[in-house]
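Report on the structure
Next come the chains, spelled out residue by residue.
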Amino acid sequence: MAWFALTRLARTMITIVVVVGFAFIVLRLSGDPALEILSNDASAQAREAFQKAWGLDQPIWVQFLDYVAHVVTGSFGNSMREGRDALAVVAERVPVTLMLTVPALFMNVLIGIPAGILAALRRNSVLDRGIMLVAVAGFTIPSFVLGLLLVLVFSVWLSWLPSGGARSWQHTILPVLTLGAGSAAVLARYTRSAMLDVLEQPYIRTARAKGVPAHSIVCRHALPNAAIPTVTLLGLMVGQLIAGAVLVESVFSWPGVGRLLVSSVASRDLPIVQCVLFLIAVAMVTCNLAVDLLYGLLDPRIRRGGHA
């Protein structure tokens, strides 16, 4: 298990380096931040002074090595617009984003998994078709479209919930529903498929022939084996929630990391963008690492073979 964990950790570190390096190069090649941050009538001398002050006049490989050296020490530089520490600016937004992503993840688990299990146990019934119909609608509707529909119904027509902002718990309801609906639908379909596959296995038929109670077959035999692919999907869903937060926060004017990323990209505030992308990459690969380790615990064949 130790070697299995070390190999997964090494892959995680390589992934972070590749993502950070790719983002750094793309941001540097996408345009001059001085054109966005300085006024339109700024002189060429002012733009040159700006580039020199932020090290943008150096070759890109020199900039990257300097950036890596600072990141290793925990420094992401200062915001080009606010002049504040970039990590501090992003850290202020993280708890606000977690107010959406954490409840959305719990909603995925509490709705998607039971719905998938119930649909598998009632295969080809009206209940199964109804759950799958809702699931298909859930993951085919884009999140921004679903968000606008929820605002139209619950904020404009019914006036039950606020349409944007983050002043109270009522403001979290529509963004959480928008963020979690698609992932819960995917999880329900995936769980149903995994359960159906397990329920067709010979050991399940043997357990039924021996007269093992149905609840024992489901809880002790089917669920643990169906959980293996489901756990893998949950790890991928964390990345989907983080990516989805960018759109959802923009739709609902939610002052989180996603909205900060959009505004920083528009204003070419490179230190903020780089800091956000680094933290997102770390969060996603860390979740995938945790899923890989849990996958190895659930299925000993994987850690013995040393590959997923």
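These numbers come from a predicted model, not from an experiment.

Definitions and limits used
Each chain has its residues counted from 1, following the order in which its sequence is written. Per-residue local features of the predicted model are confined to residues with pLDDT of at least 70, and side-chain atom pairs are confined, for both listing and counting, to 80 or more; whole-chain, interface and lining totals are unaffected and use all residues. Only hydrogens and water are removed before side-chain values are computed, so all heavy atoms of the structure are retained for them. Elements are defined by DSSP. Helices are runs of H or I of four residues or more, strands are runs of E of two residues or more, and each kind is numbered from the N terminus. Note on classification: 1.4 Å probe, protein chains only; a residue is buried when its accessible area is under 20% of the maximum for its type, exposed when over 50%, partly exposed between these limits. Here, two residues are considered to be in contact whenever any of their heavy atoms come within 4.5 Å of each other. Every accessible area reported is derived by Shrake-Rupley at a probe size of 1.4 Å, with residue values counting cover from the shown protein chains alone. Asp and Glu count as negative and Lys and Arg as positive, but His and the ends of the chain are not part of the count. Here the site of a charge means atom NZ of a Lys, CZ of an Arg, CG of an Asp or CD of a Glu. Helix span, as expected, comes to 1.5 Å for every residue beyond the first. It is the directions from the helix axis to the C-beta atoms that the arc portrays. Salt bridges are counted wherever a side-chain nitrogen of Lys or Arg sits within 4 Å of a carboxyl oxygen of Asp or Glu.

**Topic: the overall build of the protein**
- What the protein contains, in helices and strands, is 13 helices and zero strands.
- Expressed as a percentage of the 308 residues in the protein, the buried residues total 39%.
- Restricting to contacts in the protein with at least 6 residues of sequence separation, those with at least 24 account for 74%.
- When the accessible surface of the protein is split by element, carbon and sulfur atoms take 67% of a total near 16600 Å².
- Between the averaged position of the 23 positive side-chain charges in the protein and that of its 16 negative side-chain charges there is a distance of 17 Å.

**Concerning helix α4 (residues 60-72)**
- The terminal C-alpha atoms of α4, which comprises 13 residues, lie 18 Å apart, in line with the 18 Å expected from a rise of 1.5 Å per residue.
- Within α4, burial applies to Gln63, Tyr67 and Val71. For α4, the arc enclosing every buried residue in end-on projection is 70°, short of the 170-degree limit, so these residues lie on one face. Facing away from the buried side of α4 by more than 90 degrees, the exposed set consists of Trp61, Leu65 and Val72.
- Phi for glycine 74, located one or two positions after α4, is positive at around 90°.

**A few points about the environment of glycine 55**
- Topologically, glycine 55 is positioned in the loop between α3 (44-53) and α4.
- Measuring from C-alpha to C-alpha, the distance between glycine 55 and aspartate 66 comes to 9.3 Å, with 11 residues separating the pair along the chain.

**Section: the pattern of salt bridges**
- Applying the stated rule across the entire model yields four salt bridges.
- The partner of glutamate 82 in a salt bridge is arginine 84, with the nearest N and O atoms 3.2 Å apart.
- In this structure arginine 84 comes out as partly exposed when scored by relative accessible area, which is 32%.
- Here arginine 84 and glutamate 92 are joined by a salt bridge, their closest N and O atoms 2.4 Å apart.
- For glutamate 92, a relative accessible area of 46% corresponds to the partly exposed category.
- The network of salt bridges with common partners includes Glu82, Arg84 and Glu92.

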